[in-house]
Amino acid sequence: MPLPADTDVSTPKYLRDKYAIVGIGETTYTRGSDKTTRALGTWALRNAAADAGIKTSDIDGMLSYSNNDSTSATFMAGDIGARLNFYMDCVGGGSSTEALIGIAIGVMEAGLCNCVALFRAMNGFSQVRIGGTGARSATPVGGDMLHNRAYGWQSAGQMFAPTFMRHMYDYGTTPEQVAMVKVVHSEHASNNPKAYYKKRYTVDDVLSSRIICKPLHLLDCCVETDNATAIIITRADRAKDMRHTPALIRGIVGRCSKPRMDMHYQTGPISRVGGYYAKDILWPNSGVGPEDIDATGAYDAFTFTSMLQLEDYGFCKKGEGGDYVSSGITRLGGKRPNNTSGGHLCEGYTHGMNMVIENVRQLRHDIDDSCPIGADGKRQHTYDYREGGCRQVKDIELTANLGWANPMTTSGMVMRRG
Amino acid sequence: MHTKPVPVPDEVSAPFFDGARDRKLMLQHCSACDGWSFPVRERCPHCFAAALTWRQASGRGTLYTFTIMHQVMNPGFASAVPYNVAQIDLEEGVRMVSNVVGIGNDALRIGMALDVVFEDVSDDIRLPKFRPVAG
């Protein structure tokens, strides 16, 4: 794939596979955690350290992101008994997971620390719901809100829906096609004991669920849950001593954006999303292309956000996303399954973290489904994907995560089985 | 009874709302690059010049895309649902967010010709909205 003339890939090229995700942890995905985000964060971090087979005191770097609805590294470090050589709490949402893993690689490469834990803790159902709706809407509108809130345009679904409408108009995409994203992810979730929603849905279920904002139905929208999630990143050579097969990080693109992030719809076609630009960084940095990828984790805040990203990252031609997501390609047993955990539509809403965690488990060939556990302590995967069955993708070697903040900003990451 | 959010103009956006009060759609125009811009900015988003002046726009445009709100996300809109939120491509080359009025939501069509009207939201604030061009 040719590179844009002004892209310097000399450094990323040499960092391919040099760092790895070695530990993953999560709390339960619930509604009504009855815990503080601080308690949730500690829970997830301890699970991630145990998963890696390290002591929490081995963590010396920490990153987190939130929209003022979480806890910070300053609390987490003491709670888990880690003395930090580096930490940073960032503002941000769905494009943060992959971007912050990129930052973790950068600070370790620069010698600031050796082992970074990234966490996201949120009571996204019982405390701060995404979108600033309800009572928080009543504040006076000023600044850039002058030109949207006064017209009744504020929640994430409301903000993204016009993008989908225009995609339908330009390319003939149908709600039936896009509903298949929910159908497929719900099939995956039915084989995921952790998933908040394990029920399998049909296209009719999606289209007959109540309309939220045209063309989005209730079942086109992701679940809101309370949970924390954590990911531990370190150098691949250190990963050899840890419990699991490492997920090597091939390449990252972080918070790559369209022009005019403030008002993205001002510039060019509205159905173009950040992946249009991000693909020219992610694939060269990773040294692979979409055709090499065995499974994707395309952010499903809404059904059609998965579709738009798969399109603009080049998994299909622009405008053919409706065909792609309804063709069976994205289903377990298909050519390139998407969001095998059930994603944000079914497993739980974590602002992107659980889609990376799922792909790490996939690359270990040790997904946590209901298959029997053998004498070696690993599941004996059946690759029978019927309800309640297997979730492991056979012989998976390469995954791509496509993170979404909104139509204008995306992060992406390619991982390889170590 | 909740009311719809009422804009509180600042010193930069005041001319937009002053114009709306007089039923004029005012946009910023850059005398350095001849570019129009929206929403309100301190400098031209095309060339970053500070030479922005306010001009009355034609008020004519076409419907670029829209959505129809059924869920009440803001209690001020509880009595308004289902209502549309539209993006309108103005003749001047900028795209603005507003509501299309004077037509049922089912009759909205991408590409339809629209022109500006003004609706009172408080004693001091009028908002530009759009209606289908007759005929």
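Conventions and cut-offs
- Residues numbered from 1 in each chain as written.
- Chains lettered and ligands numbered in written order.
- Predicted model: local features only at pLDDT ≥ 70, side-chain atom pairs only at ≥ 80, totals over all residues.
- Heavy atoms only, no water.
- Helix = DSSP H or I, 4+ residues; strand = E, 2+ residues; numbered from the N terminus.
- Rg over C-alpha atoms; globule rule 2.2 N^0.38 Å.
- Buried < 20%, exposed > 50% of the residue type's maximum accessible area, 1.4 Å probe, protein only.
- Contact = heavy atoms within 4.5 Å.
- Areas by Shrake-Rupley, 256 points an atom, 1.4 Å probe, with all protein chains shown as cover.
- Lys, Arg positive; Asp, Glu negative; His and termini not counted.
- Charge placed at Lys NZ, Arg CZ, Asp CG, Glu CD.
- pLDDT = per-residue confidence, 0-100.
- Pairing = 2+ DSSP bridges.
- Core = buried A, V, L, I, M, F, W, Y, C linked by side-chain atoms within 4.5 Å.
- Polar contact = N/O pair within 3.5 Å; in protein donor to acceptor, adjacent residues only side chain to side chain.
- Buried area = accessible area lost by both parts, 1.4 Å probe.
- Salt bridge = Lys/Arg side-chain N within 4 Å of Asp/Glu carboxyl O.
- Axes fitted to C-alpha atoms, helices over the stretch in contact; angles between N-to-C directions.

A.B. asks: So what exactly am I meant to see when it comes to the overall build of chain B here?
C.D. replies: The helix and strand tally for chain B stands at one helix and eight strands. Written out in order from the N terminus, the α and β elements of chain B read α-β-β-β-β-β-β-β-β. Rg of the C-alpha trace for chain B: 16 Å, near the compact-globule value of 14 Å for 135 residues, within the 12% margin. With respect to the three principal axes, the spread of C-alpha positions in chain B is 45 × 35 × 25 Å. Every one of the 135 residues in chain B was classed for burial, and the buried ones make up 49%. Considering only residue pairs separated by 6 or more positions, chain B has 51% of its internal contacts joining residues 24 or more positions apart. Accessible surface, chain B as shown: approximately 6,300 Å² in total, 48% of it carbon and sulfur. For chain B, the distance from the average position of its 13 positive side-chain charges to the average position of its 15 negative side-chain charges is 3 Å.

A.B. asks: Please explain the confidence of the model for chain B as it appears in this structure.
C.D. replies: Note: predicted coordinates in regions of low pLDDT should not be interpreted at a detailed level. Summarising the model, chain B shows a mean pLDDT of 93, and 98% of its residues fall at 70 or more. Across the interfaces of the predicted complex, the ipTM metric reaches 0.92, alongside a pTM of 0.94.

A.B. asks: Where do I start with the sheet that holds strand 1 (residues 26-30) of chain B in this structure?
C.D. replies: Across a sheet, strands are paired by hydrogen bonds formed along the backbone, either parallel or antiparallel in direction. All names here are of chain B. With antiparallel pairing, three strands are arranged side by side in an open sheet as 2-1-3. At either margin of the open sheet sits one strand with a lone partner, and together these are strand 2 (36-37) and strand 3 (52-56). As judged from the five bridges shared by strand 1 and strand 3, these two strands associate in the antiparallel manner. Following the sheet pairing, Leu27 is matched in strand 3 by Arg55.

A.B. asks: What is the right way to look at the nonpolar core in this model?
C.D. replies: Residues and elements named next belong to chain A. Counting residues in each nonpolar core, the largest one holds 53 residues, and the members touching the most others are Trp283, Ile293, Phe304, Tyr313, Phe315, Leu402 and Val414. Here Phe315 is in contact with Trp283, Pro290, Ile293, Thr296, Leu310, Tyr324, Arg336, Ala400 and Leu402, once residues within four sequence places are set aside. Counting 37 residues, the second largest nonpolar core, distinct from the first, contains Leu63, Ile105, Ile231 and Ile233.

A.B. asks: Quick question: what am I supposed to make of the environment of Thr296 of chain A here?
C.D. replies: Residues and elements named next belong to chain A. With respect to the helices and strands, the residue Thr296 is situated in strand 9 (residues 295-298). Its relative accessible area of 1% is what places Thr296 among the buried residues. For Thr296, the residues in contact, after removing those within four places along its chain, are Leu310, Phe315, Arg336, Pro337, Asn338, Asn339, Asn359 and Ala400. Within polar-contact distance, the side chain of Thr296 engages the side chain of Asn338 at 2.8 Å.

A.B. asks: Would you mind going over helix 9 (residues 275-286) of chain A with me for this structure?
C.D. replies: Each full turn of the α-helix corresponds to 3.6 residues, which orients residues three or four apart in the same direction. If you check which residues of helix 9 of chain A are buried, you get Gly275, Ala278, Leu282, Trp283, Pro284, Asn285 and Ser286 of chain A. Phi turns positive one or two residues past the end of helix 9 of chain A, at Gly287 of chain A, with a value near 70 degrees.

A.B. asks: What is the right way to look at the pairing of strand 5 (residues 83-90) of chain B in this model?
C.D. replies: In regular strands, side chains alternate between the two faces of the sheet. All names here are of chain B. For strand 5, the buried fraction is high: seven of the eight residues fall into the buried class. Examined bridge by bridge, strand 4 (residues 60-69) and strand 5 share eight bridges and lie antiparallel to one another. Within strand 5, the position partnered with Leu63 by the bridge is Ile88. Pairing geometry for strand 5 and strand 6 (residues 95-98), over four bridges, is antiparallel. What sits directly across from Gln87, in strand 6, is Val97. The turn linking strand 5 back onto strand 6 is made up of four residues, and Gly93 within it adopts a positive phi angle of 100 degrees.

A.B. asks: What is the right way to read the interface of chain B and chain A from this model?
C.D. replies: Interfaces are often sized by the amount of accessible area the parts lose when they come together. Taken together, the contact pairs 39 residues of chain B with 36 residues of chain A. Both sides of the chain B and chain A interface together cover about 3,400 Å² of buried area, and 58% of this is carbon and sulfur. Where chain B meets chain A, there are zero salt bridges. Where chain B touches chain A, the interface holds 13 residue pairs in polar contact (both at pLDDT 80 or more).

A.B. asks: Teacher, can you tell me more about the pattern of salt bridges here?
C.D. replies: Residues and elements named next belong to chain A. Considering all chains together, one arrives at 25 salt bridges over all chains under this definition. For Arg38, the salt bridge identified is with Asp79, shortest N-O distance 2.7 Å. Residue Arg38 is located in helix 2 (residues 37-52), and its partner Asp79 is located in helix 3 (residues 73-80); the two are separated by 41 residues in the primary sequence. On the basis of relative accessible area, Arg38 is assigned to the partly exposed category, the value being 35%. According to the relative accessible area criterion, Asp79 is partly exposed, its value standing at 25%. Between Arg331 and Glu187 there is a salt bridge, with its nearest N and O atoms 2.8 Å apart. With Arg331 in the loop between helix 11 (321-326) and helix 12 (343-346) and Glu187 in helix 6 (residues 175-189), this residue pair connects regions lying 144 residues apart in the sequence.

A.B. asks: Can you walk me through the sheet that holds strand 2 (residues 61-66) of chain A in this structure?
C.D. replies: Residue and element names in this part refer to chain A. If you walk across this open sheet you meet the nine strands as 3-2-4-7-1-8-11-10-9, and the pairing is mixed. If you trace the sheet from one side to the other, it starts and ends with strand 3 (86-91) and strand 9, each paired once. On average, adjacent strands in this sheet sit at an angle of 25 degrees to one another, irrespective of strand direction. By the bridge criterion, four bridges tie strand 9 to strand 10 (residues 398-406) in an arrangement that is parallel. By the bridge assignment, Ala295 is partnered in strand 10 with Thr399. Here helix 13 (residues 353-363) sits on the sheet and contacts strand 1 (19-26), strand 2, strand 4 (115-123), strand 7 (226-235), strand 8 (247-257), strand 9, strand 10 and strand 11 (409-417); the angle it forms with strand 1, its principal contact strand, is near 115 degrees.

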